[in-house]
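Here's the letter readout for the chains.
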Amino acid sequence: MWKPLVILLLCSTIIKNLVVAQTNEIPEYVKQCRRDDPKLTECFISSLEHLKPYLAKGIPEIELPSVEPFKMDTLSLQLTDGPQGYKITLKNMDVFGSSEFQVKSMKISENGEPFKARIVIPKLRIDAKYTSSGVLIIIPASGGGDFHAVLDGVICDLSGKVSTSQRDGKTYLHVDSLNLHLDIKNADLKIANAFRNNRVLLEATNLFLRENGHLVIEAMQPQLQKKLAMEFAKLANQLLKHVPRDWFYVA
């Protein structure tokens, strides 16, 4: 009568050991560094670069979505002043190109000091739906349609603070705050499928966007920076809650 019980206990022990072994296996998206590496910062930069293809396609096992496209909800832009000032609201934004980032510099957080990094994204493409209201270049320009933007030479300066917590005997990192400042070298903006394809309104609006792209970016930038910082922190924490701090180092 004891034989089935012994077999059951043995099977339970084997399964438990297999689960522990799988849990401690370093996933392929983690590139490890040596703690005593004199070029530890450069190694961490390489580890971030190693993540790029995984961010592009997503990591289903930790419920990390693909960043291609990177999805955002709403931005509201006041482009001209006055009671009939021209206002654009962007919705359902898809941002392409963020996985092609290049880490130019990094300062690791030590002794409670914030971490810092400079990241360059060669090109970001934004596709969105938009609605507009107000007067643009003396023409009533209320309507809606498709908004497209190509941002070249995007520099992101990041800074933030991290904390640690203990779970199941392991130490995990958490991004508590993240600040982001954008510097955009060039912007090409246009709309389509708007004003019932009224050619005059469509060309007038696109002319304004071409000649005043820098104004649109300036109006967009504070909200864009805040939303990107929130979404980047969310992505980072989704990764970090599944990767103990020690996994970033060679045992």
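Thresholds applied
Residues numbered from 1 in each chain as written. Predicted model: local features only at pLDDT ≥ 70, side-chain atom pairs only at ≥ 80, totals over all residues. Heavy atoms only, no water. UniProt positions renumbered as here; feature names shortened; annotations may be inferred. Core = buried A, V, L, I, M, F, W, Y, C linked by side-chain atoms within 4.5 Å. Buried < 20%, exposed > 50% of the residue type's maximum accessible area, 1.4 Å probe, protein only. Helix = DSSP H or I, 4+ residues; strand = E, 2+ residues; numbered from the N terminus. Contact = heavy atoms within 4.5 Å. 1 Å grid on protein atoms, 1.4 Å probe; cavity = no way out; pocket = protein on both sides within 12 Å on 5 of 7 lines; lining within 4 Å. Points joined across faces, edges and corners; volume = space filled by probe spheres on them. Nonpolar A, V, L, I, M, F, W, Y, C, P; charged D, E, K, R; others polar. Expected span 1.5 Å × (residues − 1).

Under the annotation held in an unreviewed UniProt entry, the chain carries the name Circadian clock-controlled protein and is attributed to Glossina palpalis gambiensis. One UniProt comment on the chain, placed under Sequence similarities (unreviewed entry), says "Belongs to the TO family."

Give me the lowdown on the nonpolar core, citing residues and values where you can.
Membership of the largest hydrophobic core comes to 65 residues, with the highest contact counts inside it found for Tyr29, Leu90, Tyr130, Phe147 and Leu151. Looking at this core, the elements with two or more residues in it are α2 (40-57), β1 (70-78), β2 (87-96), β4 (115-133), β7 (143-167), β8 (170-192), α3 (199-211) and α4 (213-240). In terms of residues, this core owes the most to one element, α4, which gives 10 residues. Excluding anything up to four places from it in sequence, Leu90 contacts Asp73, Thr74, Leu75, Leu77, Ala128, Lys129, Tyr130, Phe147 and Met220.

Could you give an account of empty space enclosed by the protein, naming the residues involved and the relevant values?
Enumeration over the complete set of coordinates arrives at two cavities of 30 Å³ or more. Forming the walls of the largest cavity are Phe70, Val95, Ser98, Ile121, Leu124, Cys156, Leu228 and Phe232. At the level of elements, β4 and α4 are the ones that each hand at least two residues to the lining of the largest cavity. Taken together, the residues of the lining of the largest cavity sort by class into seven nonpolar, one polar and no charged. In this model, the second largest cavity occupies a volume close to 30 Å³. Those elements that place two or more of their residues in the lining of the second largest cavity are β4 and α4.

Any details on α2? Residues and values, ideally.
An α-helical turn contains 3.6 residues, so a residue and the one three or four places further along point in the same direction. Relative to the 26 Å expected for 18 residues at 1.5 Å per residue, α2 spans 27 Å between its end C-alpha atoms, a close match to the ideal helical length. Those residues of α2 lying buried are Leu40, Cys43, Phe44, Ile45, Ser47, Leu51, Lys52, Tyr54 and Leu55. Of the surrounding elements, those touching the buried residues of α2 are β3 (102-107) and α4. Once α2 finishes, Gly58 follows within two positions and takes phi at roughly 90 degrees, a positive value.

Report on unusual backbone geometry, specifying residues and quantitative values.
Cis rather than trans, the peptide bond between Glu68 and Pro69 has omega equal to 5 degrees. Along the polypeptide, Pro69 turns up in the loop between α2 and β1. Positive phi outside glycine occurs at Glu63, with the angle close to 55 degrees. Structurally, Glu63 is set in the loop between α2 and β1. Looking at Glu63, the relative accessible area reads 64%, which means it is exposed. At Asn193, a residue that is not glycine, the phi angle is positive and equals roughly 55 degrees. Within the secondary structure, Asn193 is located in the loop between β8 and α3.

Kindly report on the side chain of Thr89, identifying the contributing residues and their values.
By the element assignment, Thr89 lies in strand β2. You can call Thr89 buried: its relative accessible area is 15%. Among all residues touching Thr89, those that are not within four sequence positions of it are Thr74, Leu75, Ser76, Lys129, Tyr130 and Thr131.

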